[in-house]
Amino acid sequence: MTSLLSHYFAVTDRLARADWLLSTLARFLVAAILLVYFLNSGLTKLGDGLAGLLMPSAGAYAQIFPKAFEAAGYDSDALSVFHQIVVIAGTWAEFILPVAIVLGLFTRLAALGMIGFVVLQSLTDIYGHGQTDALGAWFDRFPDALVLDQRGLWVFVLLVLVIKGAGPLSFDRALRGSMGPA
């Protein structure tokens, strides 16, 4: 039994020292699970042509501010500058933040931004779109609720990146190396 425990602890000690593994796998999961989801979501918000980067589609306002957009008669010009800035920033965030994470560029900041984005997205789904059935419940027997279960796991993966950083295969590591010794 002692030999078996020794082997077990030898393996687990090596895993504990493989600090790079957790952050690298977290970035891989963002690439595999969230990158295309957020890029496609961002594409639905762009207006026509190059100007669409600064003039989002009506769908962008419907997705981000559903009740305010309805109250404005579905006229984005009737909304405030605040609404327009939030919609533009939210649209850009859907492109910039996940790509930055996958590249490992300013990873901690990008992951923190994504956590905020996911929280706001979830609150908008529940309160703005009335998707209370998507909320789900923790500690139940159903692991597939859109908000609490699925997005809870998203936030956990992003928290790993906030805490651990991007890992060795990243622009963050290259940038840190270019600054020389601390």
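Residues numbered from 1 in each chain as written. Predicted model: local features only at pLDDT ≥ 70, side-chain atom pairs only at ≥ 80, totals over all residues. Heavy atoms only, no water.

Novice: Please explain the environment of Leu25 as it appears in this structure.
Specialist: Position of Leu25 among the secondary structure elements: in helix H2 (residues 19-43). Counting along the chain gives 141 residues from Leu25 to Ala166, while the straight-line C-alpha distance between them is 9.7 Å. (Helix = DSSP H or I, 4+ residues; strand = E, 2+ residues; numbered from the N terminus.)

Novice: Please explain the packing of helix H5 (residues 81-103) against helix H6 (residues 107-128) as it appears in this structure.
Specialist: Describing two packed helices takes the angle between their axes plus the distance from one axis to the other. Interaxial distance between H5 and H6 falls to 9 Å at its minimum, and their mutual angle equals 135°. Taken together, the axes of H5 and H6 lie oblique to each other. Read as a crossing pair, H5 and H6 show a hand that is left-handed. Across the interface between the two elements, Gly90, Ala93, Glu94, Leu97, Pro98, Ala100 and Ile101 of H5 pack against Thr107, Ala110, Ala111, Gly113, Met114 and Phe117 of H6. A class-by-class count of the residues in the contact of H5 with H6 yields nine nonpolar, three polar and one charged. (Axes fitted to C-alpha atoms, helices over the stretch in contact; angles between N-to-C directions. Parallel < 35°, antiparallel > 145°, perpendicular 65-115°, else oblique. Left-handed = near helix turned anticlockwise from the far one by under 90°. Contact = heavy atoms within 4.5 Å. Nonpolar A, V, L, I, M, F, W, Y, C, P; charged D, E, K, R; others polar.)

Novice: Honestly, the packing of aromatic side chains in this entry has me stumped. Any pointers?
Specialist: By convention here, two paired aromatic rings are described through the distance between centres and the angle between planes. The full count for this structure, using the stated rule, is eight aromatic pairs. An angle of 65° between the planes, with centres 5.9 Å apart, marks the rings of Phe38 and Trp154 as edge-to-face. Of this pair, Phe38 sits in helix H2 while Trp154 sits in helix H7 (residues 146-164), and the two are 116 residues apart along the sequence. Here Phe38 and Trp154 have matching classes, each one buried. Here Phe69 and Tyr74 contribute two aromatic rings whose centre-to-centre distance is 5.4 Å and whose plane-to-plane angle is 90°, an arrangement assigned as edge-to-face. The exposure class assigned to Phe69 is buried, which follows from its relative accessible area of 3%. Judged by its relative accessible area of 53%, Tyr74 is exposed. Each residue in the set Tyr37, Phe38, Phe117 and Trp154 is aromatic and connected to the rest through ring pairs, giving one cluster. (Phe/Tyr/Trp six-rings, centres within 6.5 Å; stacked < 30°, edge-to-face > 60°. Buried < 20%, exposed > 50% of the residue type's maximum accessible area, 1.4 Å probe, protein only.)

Novice: Explain the side chain of Asp149 to me, please; I cannot follow it from the model alone.
Specialist: Checked against the element boundaries, Asp149 lands in helix H7. Within the buried core, Asp149 has no salt-bridge partner, and the shortest N-O distance to an opposite charge, that of Arg151, equals 11 Å. Engagement of the side chain of Asp149 in a polar contact is seen with the backbone nitrogen of Ala145, the distance being 3.0 Å. In contact with Asp149, not counting residues within four places along its chain, are Ala137, Trp138, Phe142, Pro143 and Asp144. (Lys, Arg positive; Asp, Glu negative; His and termini not counted. Salt bridge = Lys/Arg side-chain N within 4 Å of Asp/Glu carboxyl O. Polar contact = N/O pair within 3.5 Å; in protein donor to acceptor, adjacent residues only side chain to side chain.)

Novice: How do you make sense of the side chain of Asp125 when you look at a structure like this?
Specialist: Relative to the assigned elements, Asp125 resides in helix H6. Not counting residues up to four positions away in its chain, the partners in contact with Asp125 are Gly130, Gln131 and Arg151.

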